[in-house]
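Each chain, letter by letter, is given below.
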Amino acid sequence: MEVARAFPATCLVGAAISLSGALMASLGNMLSQKAQGLKLPVVQSNAWGMLYGGLITGLFALVRGTPFNFDPSFAYVSSLLYLSVFGSIVAFGSYLTLLGRIGANRAGYAVVMFPVVALVLSILFEDLQIEWTLLIGLGLVLIGNVAILNGARKPKADFSKPVTET
């Protein structure tokens, strides 16, 4: 079977974007852990990172010719404020503080559960219909998290010591 028939181009582009996003998130975690190791403050570092991200996104939109739109309705402004404060400032500040305290590898376990929480909230508040593909994906996320957590408890081989024969 040819790859083109098995996976449409949009599927491959989506997979590439997803993998790129995961790589960037991992690099961001490592960079944040390093910054906190250098005693850089979380709130200010977060603010600068959001400013740079906003400027880069705005520049990208300008280059592409994407129009900037703003809806002054209460629903739009209140949801924008909620997402800005709680979905970005508080959430990123909390996660980055957690990352600095317990390390990127252990903080990553929490990130694996974010999609599960999002699905539960969507089922409760957005009338998300449960389908078999959703259940399979949810099962894979949970199995992966259990496997990672169980793998973290196993003692690691110490390859820094030479092997001695008895």
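Calculation rules
- Residues numbered from 1 in each chain as written.
- Predicted model: local features only at pLDDT ≥ 70, side-chain atom pairs only at ≥ 80, totals over all residues.
- Heavy atoms only, no water.
- Axes fitted to C-alpha atoms, helices over the stretch in contact; angles between N-to-C directions.
- Helix = DSSP H or I, 4+ residues; strand = E, 2+ residues; numbered from the N terminus.
- Parallel < 35°, antiparallel > 145°, perpendicular 65-115°, else oblique.
- Left-handed = near helix turned anticlockwise from the far one by under 90°.
- Contact = heavy atoms within 4.5 Å.
- Nonpolar A, V, L, I, M, F, W, Y, C, P; charged D, E, K, R; others polar.
- Patch = residues over 30% accessible without salt bridge, like charges linked within 9 Å, V, L, I, M, F, W, Y side chains within 5 Å.
- Areas by Shrake-Rupley, 256 points an atom, 1.4 Å probe, with all protein chains shown as cover.
- Salt bridge = Lys/Arg side-chain N within 4 Å of Asp/Glu carboxyl O.
- Expected span 1.5 Å × (residues − 1).
- Buried < 20%, exposed > 50% of the residue type's maximum accessible area, 1.4 Å probe, protein only.
- Phe/Tyr/Trp six-rings, centres within 6.5 Å; stacked < 30°, edge-to-face > 60°.

Moving on, we get to the packing of helix H2 (residues 9-37) against helix H4 (residues 74-102). Direction vectors running N to C along H2 and H4 enclose 70 degrees, while the axes themselves pass 9 Å from each other. In terms of their interaxial angle, H2 and H4 are classed as roughly perpendicular. With respect to the hand of their crossing, H2 and H4 are arranged in right-handed fashion. Taken together, the residues of H4 that come into contact with H2 (itself represented by Asn29, Ser32, Gln33 and Gln36) are Tyr95, Leu96, Thr97, Leu99 and Gly100. Residue composition of the contact of H2 with H4, by class: three nonpolar, six polar and no charged.

Another point: the packing of H4 against helix H5 (residues 104-125). Helix packing geometry: the angle between the two helix axes and the distance between the axes. Orientation of H4 relative to H5, taken along the N-to-C sense of each, is 140 degrees, at an axis distance of 7 Å. When the axes of H4 and H5 are compared, the pair comes out oblique. Every residue of H5 that contacts H4 at Tyr95, Leu98, Leu99 and Ile102 is listed here: Ala104, Asn105, Arg106, Ala107, Gly108 and Val111. Its residues assigned to classes, the contact of H4 with H5 comprises seven nonpolar, two polar and one charged.

Taken together, the side chains of Tyr82, Leu83, Val85, Phe86, Ile89 and Val90 present a nonpolar region at the surface, about 570 Å² in accessible area. Residue position: leucine 83 is located in helix H4.

Moving on, we get to H2. Between its first and last C-alpha atoms H2 spans 42 Å; for 29 residues at 1.5 Å apiece the expected length is 42 Å, and the two agree. Check the buried side of H2 and you find it contacts helix H3 (42-64), H4 and H5. Phi turns positive one or two residues past the end of H2, at lysine 39, with a value near 65 degrees.

Let us look at unusual backbone geometry. Here lysine 39, not a glycine, exhibits a phi torsion of approximately 65 degrees, which is positive. Within the fold, lysine 39 resides in the loop between H2 and H3. A relative accessible area of 71% means that lysine 39 is categorised as exposed. Unlike most non-glycine residues, aspartate 127 shows phi in positive territory, near 60 degrees. By secondary structure assignment, the location of aspartate 127 is in the loop between H5 and helix H6 (132-153).

Our next topic: the packing of aromatic side chains. Counted by the stated rule, this structure contains three aromatic pairs. Taking 5.8 Å as the distance between ring centres and 35 degrees as the angle between the ring planes, the aromatic pair formed by tryptophan 48 and tyrosine 52 counts as tilted. Placement of the pair is tryptophan 48 and tyrosine 52 together in helix H3, with a separation of four residues, close to one helical turn. According to the relative accessible area criterion, tyrosine 52 is partly exposed, its value standing at 48%. On the basis of an interplanar angle of 40 degrees and a centroid distance of 5.4 Å, the ring pair of tyrosine 82 and phenylalanine 86 is categorised as tilted. Remark: phenylalanine 86 and tyrosine 82 occur in helix H4; sequence separation between them is four residues, near one turn of the helix. Taking the relative accessible area as the measure of exposure, phenylalanine 86 reaches 47% and is therefore partly exposed.

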